[in-house]
Amino acid sequence: MGMNVFERLKTLWFWAARLFALGAILAVAGAIAITIYVIRVSADLPTYEALQNYEPPVMSRVHAGDGNLIAEYAREHRVFVPRAAIPDYVTQAFISAEDKNFYIHNGLDVKGIMRAILANVKNKIQGRRLEGASTLTQQVAENFLLTTDQKFSAKVRKMVIAVRMEKVLSKDKILELYLNEIYLGNRSYGVAAASLNYFGKPLDQLELAEIAYLAAIPKGPANYHPTRHKARAVARRNWVLGRMVANEFITDEMAQEAVAQDLIVTNRLSGATYLAAEYFVEEVRREVFTMYGEDQLYDGGLSIRTTLDTRLQLAARMALRKGLEEYDRRHGYRGAHAKLETLDDWQTALLDVPGIPDVDAHWSQAVVLATDDAGARIGLFSGKQGSVPLNALEWARKPAREAKLGPKIKAADEVFSVGDVIYVSPLIAEEDSKTSTDKPDQRPAFDLRQVPTVNGAIMAMDPHTGRVLALVGGYSFQQSQFDRVMQAQRQIGSAFKPFVYSAALDLNYTPVSLVLDAPFIADGGGSTRFYKPGNYAEGRFYGLSTLRLGIEKSRNVMTVRLAQQMGMEPIVNIGERTGIYDQLDPVLAMALGAGETTPWRLTGAYASFVNGGKKVQPTILDRVQDRNGKTIYRHDDRDCPACNAPKPIEDEEGVLAPAPIGRLVEPRLPENRPQVLDPVTAYQMTSMMEGVVQRGTGTRARAIGKPVAGKSGTTNDYKDAWFMGMSPDLVVGVYVGFDNPATLGNGEAGGSVGAPIFRDFMLEALKDAPNAPFRIPQGVRLVRVNQRTGELARPGDAESILEAFRPGTEPQRGIQGVRLAIGKGRLGEVKKPPEEEEDLGGLY
């Protein structure tokens, strides 16, 4: 019996040993298999060195010269913030919401994994969403994998990276990566970007309730949207506050105070200033992209400091849009931009009509409900009604060919049909809450508006440095991304004349030199048999006229005669030297601006008149820094050895001694701007262009009331209108024309289209500027002469002005002191010039 028991035990031991051995073999084999599997799926994972050196993509930010943020370029909108700069409440909120054991586990929360497994069995049976057990470290690991794949192999890879990260990175470094990596909705990657995009303020200014909301988002940014799912978002925020209390990060009183706060978010990078800068920031994007490439632009975290002055930019946009709208209204109403087929439930139907992007804030869409002799009754988005009185429709005549107009408006039904969808703006202050819409005479009155089809550009620049302070490339960037400042190649007409006259002044002509304004015929060259320029008033000529009068009244014929007298070589040279053209054909038509260039280049060339004849290159960038703050580009790259040198001082005996530390020498930077105009010539032309504003084709700018100079320009058939203007420290270029060249209409010249835009901009730009004159260089002698004849002024002469001469060239008493340039042609009838004229420029 005992033997049987022994045998059984022996047999049992035999099989147990074999089963144990088999189990051990299987365990070893399983471990080997798991190891091989892990090695295979993690073979291409980042190394320890890669983890240590990892830098997340960071958005590049663009600031104006006055410090305002105007744009961000990014694939992932992220502002990297080091752990030391992240407030403790922020880290505590995210740890409470996402991984309360973060500072305890080694990258994998085993207890959390087991708890999730048990919970998911129940969730699977009940058809609920499965729970996750990812730690903060594992969530950071997802960014190395660049995937959110939920396959088993992806989870293993994520675990491997998490363990590796815990070995080479500190907990604070991992937390730093997490808080800068996590996607939080609203284009925001990382807490710093989310703080700006949701609440418009940096992390250190967030309130506890706002911090808790950010910590609530990672579970599902779309599910906790602050406006679409506000109740859900507030509930999740409050849950985070509760977890912070449970983890003893905040008191219950602090949590209750935060729970009582409303969830209010802001829309950053919006508003008039942001819209005004759209053309400018697009040019910045193109330039930085060319300099550093796509990856650096969108992921490199560049800090881009631009030249923009946001006040001037806003003023430029407002002036351009106002000028284009005023021109457009002079040329009639083109009709409704949409039409409702029925007025049944017109309010709902009106809401469904797509609006035109980027119209003025005070414009609104409306539908015409009825018309009568007094005007039109309209319905607004709000469901209320208003009226467009007949006197507000006087401008709304039907456009005809060649920018002409149809008959005058006598009734509203000549303009509208019932169901027309139009844009309107209030004529008077509207009191919606108090106004009854039942009585026609109590309906608020509105003006009819329309988006202009004409377009244009304005650019303002510091003439001494080339810094572009304002750049608006069209009526609306959202309607057309074509930047007319940089890309519109157009003839410039008489805006080129100051450079022709500068060439003459360099050849010892003076502002009072006489040139014959009489019929002129020259060899046209090429296929053109004859070239016969004409003045603005066709068939009119004014005889011998001074150069000043030729500029002020923009005389075409005398300009061409002057060009023939000099020869085209100096004109070509000055056109290319100042940067207007790369290559200018040496034909007489070019003296009237028949060559094409851009507002960018022409404005840069006009700066030479103000800055003493120096050539400056327009720039939109001041400085670019990399993500670490190192300057990698600086526009002004001149060396300044004395910038940090001590300033010597005199001792009691008048002997120079080294300055004490901290007392610096006033630095004198080297002059590296090329001299393209003689300083005296530059000032003479500036003075003559002051006369353009005071007495000539730019008198609409006279209302500025401060020293300004300028020159209008118009091309054949009024296709392009220019006004180039300047003050002692600002140069401005204005261009107006159709993108597909067409006439602007008879009389729509640079002085009537461009000058008002320049005026409106300068009234704002110079409102706080001193009333300072243009700087006079050495070598200028001012002599009082008659502004029309150029002769020395006599006592009491009402038409006397101070004229600028080189010493020895000024007129003497009894001697005219002028240079006569008659050239070819015959003398026509001499008539007194009108008070204001404009040129046609270009060719007839």
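Residues numbered from 1 in each chain as written. Predicted model: local features only at pLDDT ≥ 70, side-chain atom pairs only at ≥ 80, totals over all residues. Heavy atoms only, no water.

1. Quick look at the packing of aromatic side chains
Here comes step 1: Within the structure shown, the criterion is met by 18 aromatic pairs.
Here comes step 2: Both rings, one in Tyr198 and one in Tyr213, keep their centres 5.6 Å apart while their planes meet at 80°; by these two values the pair is edge-to-face. Residue Tyr198 is located in helix H8 (residues 191-199), and its partner Tyr213 is located in helix H9 (residues 208-216); the two are separated by 15 residues in the primary sequence. Each member of the pair, Tyr198 as well as Tyr213, is classed as buried.
Here comes step 3: Centroid distance Tyr327 to Phe738: 6.4 Å. Interplanar angle 70°. Geometry classified as edge-to-face. One end of the pair, Tyr327, is in helix H14 (residues 310-329); the other, Phe738, is in the loop between strand E24 (730-737) and helix H22 (750-765), with 411 residues separating them in the sequence. An identical accessibility class is assigned to Tyr327 and Phe738; each is buried. (Phe/Tyr/Trp six-rings, centres within 6.5 Å; stacked < 30°, edge-to-face > 60°. Helix = DSSP H or I, 4+ residues; strand = E, 2+ residues; numbered from the N terminus. Buried < 20%, exposed > 50% of the residue type's maximum accessible area, 1.4 Å probe, protein only.)

2. Considering the confidence of the model for the protein chain
Here comes step 1: Mean pLDDT for the protein chain: 84, with 82% of residues reaching 70 or above.
Here comes step 2: Low pLDDT, under 50, characterises residues 429-438; the stretch is placed with 14 contacts to residues that sit more than four places away or in other chains.
Here comes step 3: The low-confidence segment residues 816-844 (pLDDT under 50) makes 110 contacts with residues lying over four places distant or belonging to another chain. (pLDDT = per-residue confidence, 0-100. Contact = heavy atoms within 4.5 Å.)

3. Description of the environment of Val624
Here comes step 1: Its location among the elements puts Val624 in strand E18 (residues 621-625).
Here comes step 2: Residue classification places Val624 among the buried residues on the basis of a relative accessible area of 0%.
Here comes step 3: On a C-alpha basis, the gap between Val624 and Arg634 in space is 6.6 Å, while along the polypeptide they are 10 residues apart.
Here comes step 4: For Val624, the residues in contact, after removing those within four places along its chain, are Tyr292, Leu302, Ser303, Ile304, Lys630, Thr631, Ile632 and Tyr633.

4. Comments concerning the side chain of Thr603
Here comes step 1: Looking at where Thr603 falls in the secondary structure, it is placed in helix H20 (residues 599-610).
Here comes step 2: A polar atom in the side chain of Thr603 sits 2.7 Å from the backbone oxygen of Pro599.
Here comes step 3: Once residues lying within four places of it in the same chain are set aside, the contact partners of Thr603 are Met459, Met461, Met724, Val731, Val732 and Gly733. (Polar contact = N/O pair within 3.5 Å; in protein donor to acceptor, adjacent residues only side chain to side chain.)

5. Remarks on the nonpolar core
Here comes step 1: Tyr606 and Phe761 are the most contacted members of the largest nonpolar core, which totals 128 residues.
Here comes step 2: The element contributing the most residues to this core is helix H21 (residues 679-695), with eight residues.
Here comes step 3: The contact partners of Phe761, leaving out residues within four places of it in the chain, are Leu312, Ala315, Ala316, Ala319, Ile458, Ala460, Leu730 and Val732.
Here comes step 4: Grouped together as the second largest cluster of nonpolar side chains are 51 residues, Val90, Ala97, Ile161 and Leu179 included. (Core = buried A, V, L, I, M, F, W, Y, C linked by side-chain atoms within 4.5 Å.)

6. What to know about a negative patch on the surface
Here comes step 1: On the surface, Asp372, Asp373, Asp413 and Glu414 cluster together to form a negatively charged patch.
Here comes step 2: Assignment of secondary structure puts Asp372 in strand E5 (residues 364-372). (Patch = residues over 30% accessible without salt bridge, like charges linked within 9 Å, V, L, I, M, F, W, Y side chains within 5 Å. Areas by Shrake-Rupley, 256 points an atom, 1.4 Å probe, with all protein chains shown as cover. Salt bridge = Lys/Arg side-chain N within 4 Å of Asp/Glu carboxyl O. Lys, Arg positive; Asp, Glu negative; His and termini not counted. Charge placed at Lys NZ, Arg CZ, Asp CG, Glu CD.)

7. A short note on the sheet that holds strand E1 (residues 60-63)
Here comes step 1: With mixed pairing, the five strands of this open sheet are ordered in space as E2-E1-E3-E18-E19. With one partner strand each, in any of the chains shown, strand E2 (69-73) and strand E19 (631-634) form the two edges of the open sheet. Ignoring strand direction, the axes of neighbouring strands in this sheet form an average angle of 15°.
Here comes step 2: Strands in contact with helix H13 (residues 278-299) are E1, E2, strand E3 (303-306), E18 and E19; relative to E2, the strand with the most contacts, it is inclined by about 35°. (Pairing = 2+ DSSP bridges. Axes fitted to C-alpha atoms, helices over the stretch in contact; angles between N-to-C directions.)

8. Points about the packing of H9 against helix H10 (residues 230-246)
Here comes step 1: As a packed pair, H9 and H10 sit with axes 8 Å apart at the nearest point and diverge in direction by 105°. It follows that H9 is roughly perpendicular to H10 by the angle criterion. Seen from H9, the contacting residues are Leu208, Ala209, Ala212, Tyr213, Ala215 and Ala216; seen from H10, they are Ala233, Arg236, Arg237, Val240, Leu241 and Met244.
Here comes step 2: Among the residues making up the contact of H9 with H10, the classes are represented as 10 nonpolar, no polar and two charged. (Parallel < 35°, antiparallel > 145°, perpendicular 65-115°, else oblique. Nonpolar A, V, L, I, M, F, W, Y, C, P; charged D, E, K, R; others polar.)

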